[in-house]
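Observations on chain architecture
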Amino acid sequence: MSIVYKRPEVFTDEYMKYCGGCGHGIINKLIGEIIEEENLVEKTVLIWPIGCSVYADKYFKADSVCALHGRAPAMGTGIKRACPEDLVIVYQGDGDMVSEGMAEIMHAGIRGEKFTVIFVNNSIYGMTGGQMAPTTLMDQVTTTTPYGRAEVNTGNPVNMAEIIGNLPECYYSERVTVNSPANIRKTKAAIKKAFKYQMEGKGLSFVEILSPCPTGWKVKPVQAIKWIDDVVTKQFPLGVFKDRGQEEK
Amino acid sequence: MADKVFMQGNEAFAEAAIRSGCKYFFGYPITPSSEIPEYYAKKAPTEGLTFIQAETEVSAFNMVAGVAATGKRGMTATAGPGFSLGCEAMSYMSAASLPAVIVDCMRPGPADGEILGSQGDYNQLTKGGGHGDYNTIVLAPYSVQEYADFAPLAFDLAEKYRNPVVVASDGTIAKMMENVELPERVEPKGRADWAVDGINGRGHHNDITTCGDGPEQWERFNLALQAKYAEIRENEQRWEEVETADADIIVVAFGTMARVCLDAVKLARKDGMKVGMIRPITIWPFPEKAFANYIGKGKKFFVAELNAGQMVNDVKIAVNDNASVEFYGRLGGMIPSPVEIYNKLCELYK
């Protein structure tokens, strides 16, 4: 009998601290699988954000740093410039990137930093207990929008994959989700492509992943999965917004 | 043979940093520090340097943190308003034990303030500035020569203690030109065993994190940092003494103010007044050891600064509140003449 499914060997024995139904664990695992399959573990530097994945350095037997809130793209710039042969993975959540670190991600994109950004968008602040993020949907109830997010006071959700994809120095930008086995496979393909482009020395590769947060959304995991299909993807459509690798073919 | 040149302070520092193997510079333009990024930008193609004009000082400091995390030499240069933005990363780099070098060309605050020489960042630089219990080594040059000498020293100390080191110049030292002997070139060291630069055959993975794992762990972490600071306090206090042995009045001044005071001390000695000077070279750790010999001997201390008296408390602690400590300072970018200081010494000598 052949093994068709297993825990990545790059994982440590540490228990993941993510909530039930959360997408981070799936996304962490996809990263682990890909760097193992592509024989990139030795070259990998993972840059973790402040947010629910703050302890993820403990899950990987690969070089890791945990950056300051929002600053992962700036720290990633220093690391990638110093170690251009490495696979530098900047992992950020939506509060970390789109609120605290908007300047850092935008300018990393403007400069075309040659690393990969894995952007986990769950439309809410998870770790701090369910507050509004710039990616929170209209009318969505959070602890800081108890009557639902309203345009008048907070504006509209921010679509990062489109914004980053519009930057000339961005090489690849795609939005995917992890709410079904088929979508998880597509997410894996997107991350794999992003890593491939990075190892070829291309510009910024950006993968936005819509991720369920049942705890923050205060719904059951199954409802969270459905909510991504029914509501979240209406604001944040899945798809490729930039793929210069395809354009150049 | 070392090169002797007539050079501006900031440019001499930048050249010395390049010769010290610092190949990465990230910075945001701000007066009076901008000649350092400009020098790196100009030399980047021929010296194989990486220069990035960052979008903010917040980013510049975090880019430096990134390079430092890989074990390579990187730095930024700024002035007070930019250093305030960088304090978040100063706290981070201290906790993460990252050997970065930061130049603060001090200018008069608070807020936007002015752009000439000042020493108003003393408290911010020596007492932390960012959040939490941390310290950084702070070197305060008083000449272009010392400014240049501090480039290799700052990197060596940063790597020895795996701690950020600040070189605190000011608008005067940064902008003036003097003769300077530039340091020899240093070859970059090999990989650091603690660095995060990909496993790449190291045999194990490295993590750098500043996130605590419960109060017991985080207290142990903090105590280890404090032990390192105690070691630095013991080993790295640097100062210069001028005619202190028989002095009745000891002037305490650093950086630009020490240059002014040195002339004032000479004027006073010419008049037969027994005046000497202690010049702190490290302002953190503060050179308390310099004061030990003079406690309880009836000597008066006269602290002169280009601020409202930020170093005075450190001097009072150093003399154990066992001597009179007077203060004179100028603010806003005003620099006193040696005669102005001399007149103050005359009043005090009566």
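The rules behind the values
- Residues numbered from 1 in each chain as written.
- Chains lettered and ligands numbered in written order.
- Predicted model: local features only at pLDDT ≥ 70, side-chain atom pairs only at ≥ 80, totals over all residues.
- Contact = placed C-beta atoms within 7 Å.
- Helix = DSSP H or I, 4+ residues; strand = E, 2+ residues; numbered from the N terminus.
- Nonpolar A, V, L, I, M, F, W, Y, C, P; charged D, E, K, R; others polar.
- Pairing = 2+ DSSP bridges.
- Axes fitted to C-alpha atoms, helices over the stretch in contact; angles between N-to-C directions.
- Core = buried A, V, L, I, M, F, W, Y, C linked by C-beta atoms within 7 Å.
- Buried ≥ 20, exposed ≤ 12 C-beta atoms within 10 Å, placed from the backbone.
- Domains from an automatic or database assignment.
- pLDDT = per-residue confidence, 0-100.
- Parallel < 35°, antiparallel > 145°, perpendicular 65-115°, else oblique.
- Right-handed = clockwise from strand over helix to strand, strands pointing away.

**Focus on the interface of chain B and chain A**
Listed as interface residues are 33 residues of chain B and, on the opposing side, 29 residues of chain A. Every element with two or more residues in the side of chain B that touches chain A is listed here: strand 2 (24-27), strand 3 (50-53), helix 3 (57-69), helix 4 (80-95) and strand 9 (207-208) of chain B. In terms of residues, the side of chain B that touches chain A owes the most to one element, helix 3 of chain B, which gives eight residues. Class assignment for the residues of the side of chain B that touches chain A results in 14 nonpolar, 14 polar and five charged.

**A look at the sheet that holds strand 3 of chain B**
Residue and element names in this part refer to chain B. Spatial strand order, 3-2-4-5-7-6-13: seven strands in an open sheet with mixed pairing. Edge positions in the sheet fall to strand 3 and strand 13 (282-284), since each has one partner strand and no second. The average angle at which neighbouring strand axes cross in this sheet is 20°, direction not considered. As judged from the four bridges shared by strand 2 and strand 3, these two strands associate in the parallel manner.

**Points about the sheet that holds strand 6 (residues 204-210) of chain A**
Taken in spatial order, the eight strands line up as 7(A)-5(A)-6(A)-4(A)-3(A)-1(A)-2(A)-9(B) in an open sheet, and their pairing is mixed. Each edge of the open sheet carries a strand with a single partner, namely strand 7 (239-243) of chain A together with strand 9 of chain B. Strand direction decides the pairing type here: strand 1 (residues 44-48) of chain A and strand 2 (residues 63-66) of chain A, joined by four bridges, are parallel. Within strand 2 of chain A, the position partnered with A:W48 by the bridge is A:C66. Docked against the sheet, helix 7 (residues 181-199) of chain A engages strand 3 (87-93), strand 4 (116-121), strand 5 (170-177) and strand 6 of chain A, running at close to 165° with respect to strand 5 of chain A.

**A closer look at the nonpolar core**
By size, the foremost hydrophobic cluster in this structure holds 186 residues, and its most contacted members are A:I47, A:I118, B:A65, B:L139, B:A154, B:V251 and B:C261. The greatest single-element share of this core, amounting to ten residues, is contributed by helix 6 (residues 144-161) of chain B. Two domains share this core, each providing at least three of its residues, namely domain 1 (4-198 + 225-234) and domain 2 (239-349) of chain B. In this structure, B:A65 is in contact with A:M75, A:G78, B:A89, B:Y92, B:M93, B:L98 and B:A100, ignoring residues within four places of it in sequence.

**Here's the deal with the confidence of the model for chain B**
Of all residues in chain B, 99% attain a pLDDT of 70 or more, and the chain-wide mean is 97. Reported confidences for the modelled complex are a pTM of 0.98 and an ipTM of 0.97.

**Looking at the packing of helix 2 (residues 72-82) of chain A against helix 4 (residues 102-111) of chain A**
Residue and element names in this part refer to chain A. Remark: helix 2 packs on helix 4, axes separated minimally by 7 Å, with the N-to-C direction vectors making an angle of 40°. In terms of orientation, helix 2 and helix 4 fall into the oblique class. The segment helix 2 lies against helix 4, with P73, A74, G76 and T77 engaging E104, I105 and A108. Class assignment for the residues of the contact of helix 2 with helix 4 results in four nonpolar, two polar and one charged.

**A look at unusual backbone geometry**
One can expect most non-glycine residues to show negative phi and most peptide bonds to be in trans. Residues and elements named next belong to chain B. The amide bond that connects T31 to the next residue, P32, takes the cis arrangement and shows omega of 5°. By the element assignment, P32 lies in the loop between strand 2 and helix 2 (35-47). The amide bond that connects G109 to the next residue, P110, takes the cis arrangement and shows omega of -5°. Among the secondary structure elements, P110 is positioned in the loop between strand 5 (101-106) and helix 5 (122-126).

**Some points on the pairing of strand 7 (residues 165-170) of chain B**
All names here are of chain B. Judged by how many residues are buried, strand 7 sits mostly within the fold: six of six residues are covered. Every second residue of strand 7 is oriented toward a common face, with V165, V167 and S169 on one face and V166, A168 and D170 on the other, all of them buried. Where strand 5 meets strand 7, six bridges bridge the pair, whose relative direction is parallel. Counted as the bridge partner of D104 is A168 from strand 7. Alignment of strand 6 (residues 137-139) against strand 7, held across three bridges, turns out to be parallel. Following the sheet pairing, V138 is matched in strand 7 by V166. Remark: the strand 6/helix 6/strand 7 crossover connection has right-handed handedness.

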